[in-house]
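Spelled out from the first residue to the last, the chains are:
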Amino acid sequence: MVVLDQIRRADGVSRVELAASTGLALQTISNIVSRLLDQRLVVEGERRIEGRGKPRTMLHLDPQGAYALGVHVDPVVVTAVLVDLDGGVVERQSIETPVGPDAVVEAVADAVSVMLEAATVERDAVLGLGVAAPGPIDLASGRVIHPPLLEGWLDVPLRDALAAATGFDVILEKDVSAAMTAELWRGNRMLTGTSLFFYTGFGVAAAIAHDGELFAGTSRNAGEIGHLIVDSDGPLCWCGQRGCIGASAAPATIVGEAVVRGSLDPRTPQRTPRELDAALTAVCVSAAGGDEVASDVLRTAARRVARGITVVADLVDAGVVVLGGPSWERLAPTFVPVVRAELAEHATLREMHAVEVLGSAVGESVGAVGAASRVLDDAFTPRPSGLVGGPRRR
Ligand SMILES: [Zn+2]
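Residues numbered from 1 in each chain as written. Predicted model: local features only at pLDDT ≥ 70, side-chain atom pairs only at ≥ 80, totals over all residues. Heavy atoms only, no water.

**Student:** How would you summarise the coordination of the zinc ion if you had to cite specific residues and measurements?
**Tutor:** Within the protein, the atoms that donate to the zinc ion are His227 (ND1), Cys237 (SG), Cys239 (SG) and Cys244 (SG), at distances of 2.0 to 2.3 Å. The site at the zinc ion holds four donor atoms, and with the angles between them running 106 to 119°, its shape is tetrahedral. For the zinc ion, the single-chain donor residues occur in sequence as H-x9-C-x1-C-x4-C. Of this pair, His227 sits in the loop between β12 (213–215) and α7 (245–249) while Cys237 sits in the loop between β12 and α7, and the two are 10 residues apart along the sequence. The class for His227 is partly exposed, based on a relative accessible area of 37%. (Donors = N, O, S within 2.8 Å, 3.2 Å for Na, K, Ca; no water. Tetrahedral: all angles 85-135°; square planar, octahedral: opposite > 155°, others 65-115°. Helix = DSSP H or I, 4+ residues; strand = E, 2+ residues; numbered from the N terminus. Buried < 20%, exposed > 50% of the residue type's maximum accessible area, 1.4 Å probe, protein only.)

Structural data, given as structure tokens:
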């Protein structure tokens, strides 16, 4: 659906312009547009006079023409969203992550019903459900293999379980790839050149895009940078090495250093992912309130992460680096200046071009919105599995 995608990206576009930009014959465009109008995915808007000749009718996407569901399974919180055809969030639910995959599937099914009812969106108007999970994933069988941070998850057929529980077609995607997809939908800056997305949560991962397309890798698991060593004297990682980027930015490391250095009460609970997440928030709040030790602990983590970002940015010659994920909003005040400075001072390619460092344009729900964007992406992209005949009719 190249035509639909061009209508989405333009602020009003005529049939003649679509013919010129796609290289399709005007008659073909007219036929496609008639079908899109019938399907109510597109609406006709104002008439514009361009040069000589009769005024042309502008075409716009109808955001309410169809919807997609997105779910992000994170060790701390499961986020579910309902987005419209333009990727805008219509409904959002977040639930403390239940223990075990069965309980998560059940919670997602409930959240989906609640959202559809709240938005009065009929099931027939929903194109499908995307689910973002920590990698690695097995795309062919729709399984989550062994996310190290989700207790009780080993080789889980998440795609099929969610399809059975919700009744929707389900697309499984790695969380950081989903996040990048969401950014590509929102961020026009990433449509040319090479961009990176760095995901910070309980782990660290990266996604790469070139000219607006995700670089997915051989098994759609690209971006596993967790064991990139960024400080040979850094914290011990579960892999046995010191100073891996994943261990350096892990909430357990930051919280542990804050305790050792006397900034955080050693009795602070940090056994479960949720407790660790709350303890990380406490360190960030202390830093924002002027606690120099807490600030220094965060700056140390930021310098290590920045080192890794610089290496990967050089590797792919990135022009834009976007940072996001569940921990990001809290870490951003400390991390952004450190990452910018590191890239400006130490990137090998700094003399060739600057690297723009941006926070996520989508925000905290970037994983869930990205999972939904994957569904929309399939609908907008000309593939056999895509929106060939339009969404199921209302
Ligand atoms: Zn490691």
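**Student:** I'd like a rundown of the confidence of the model for the protein chain, residues and numbers included.
**Tutor:** Confidence in the prediction for the protein chain averages 91 pLDDT; 96% of positions are at 70 or higher. With pLDDT under 50 throughout, residues 384–394 is counted as low confidence; its partners more than four residues away or in other chains account for 27 contacts. (pLDDT = per-residue confidence, 0-100. Contact = heavy atoms within 4.5 Å.)

**Student:** Just give me the short version of the packing of helix α10 (residues 292–316) against helix α11 (residues 328–346), but keep the residues and values in it.
**Tutor:** Closest axis-to-axis distance for the α10/α11 pair is 8 Å, and the angle between their directions is 45°. Considering their axes alone, α10 and α11 lie oblique with respect to each other. Crossing handedness for the pair α10 and α11: right-handed. Looking at side-chain class alone, the contact of α10 with α11 contains 12 nonpolar, four polar and five charged residues. (Axes fitted to C-alpha atoms, helices over the stretch in contact; angles between N-to-C directions. Parallel < 35°, antiparallel > 145°, perpendicular 65-115°, else oblique. Left-handed = near helix turned anticlockwise from the far one by under 90°. Nonpolar A, V, L, I, M, F, W, Y, C, P; charged D, E, K, R; others polar.)

**Student:** Describe the pattern of salt bridges, with residues and values.
**Tutor:** Per the counting criterion, the structure on display carries 19 salt bridges. Linking Arg304 and Glu257 is a salt bridge whose minimum nitrogen-to-oxygen distance equals 3.5 Å. Taken together, the residues Arg304 in helix α10 and Glu257 in helix α8 (residues 251–260) connect sequence positions 47 residues apart. Since its relative accessible area comes to 23%, Glu257 is described here as partly exposed. (Salt bridge = Lys/Arg side-chain N within 4 Å of Asp/Glu carboxyl O.)

**Student:** So what's going on with the sheet that holds strand β10 (residues 194–200)? Which residues, and what values?
**Tutor:** Spatially, β12-β11-β10-β13-β14 is the arrangement adopted by the five strands of the open sheet, whose pairing is mixed. Either end of the sheet is taken by a strand with one partner, and the two such strands are β12 and β14 (356–359). On average, adjacent strands in this sheet sit at an angle of 25° to one another, irrespective of strand direction. On the sheet, α10 packs against β10, β11 (204–210) and β13 (320–324) and is oriented at approximately 155° with respect to β10. (Pairing = 2+ DSSP bridges.)

**Student:** Which residues make up the pairing of strand β6 (residues 126–133), and what values do they have?
**Tutor:** With eight of its eight residues buried, β6 lies for the most part within the structure. Sheet topology note: the strand β3 (residues 67–73)/β6 ladder contains five bridges and is parallel. Paired with His72 across the strands is Ala132, a residue of β6. Relative to strand β9 (residues 170–174), β6 runs parallel, the two sharing five bridges. The partner of Ala133 across the bridge, within β9, is Lys174.

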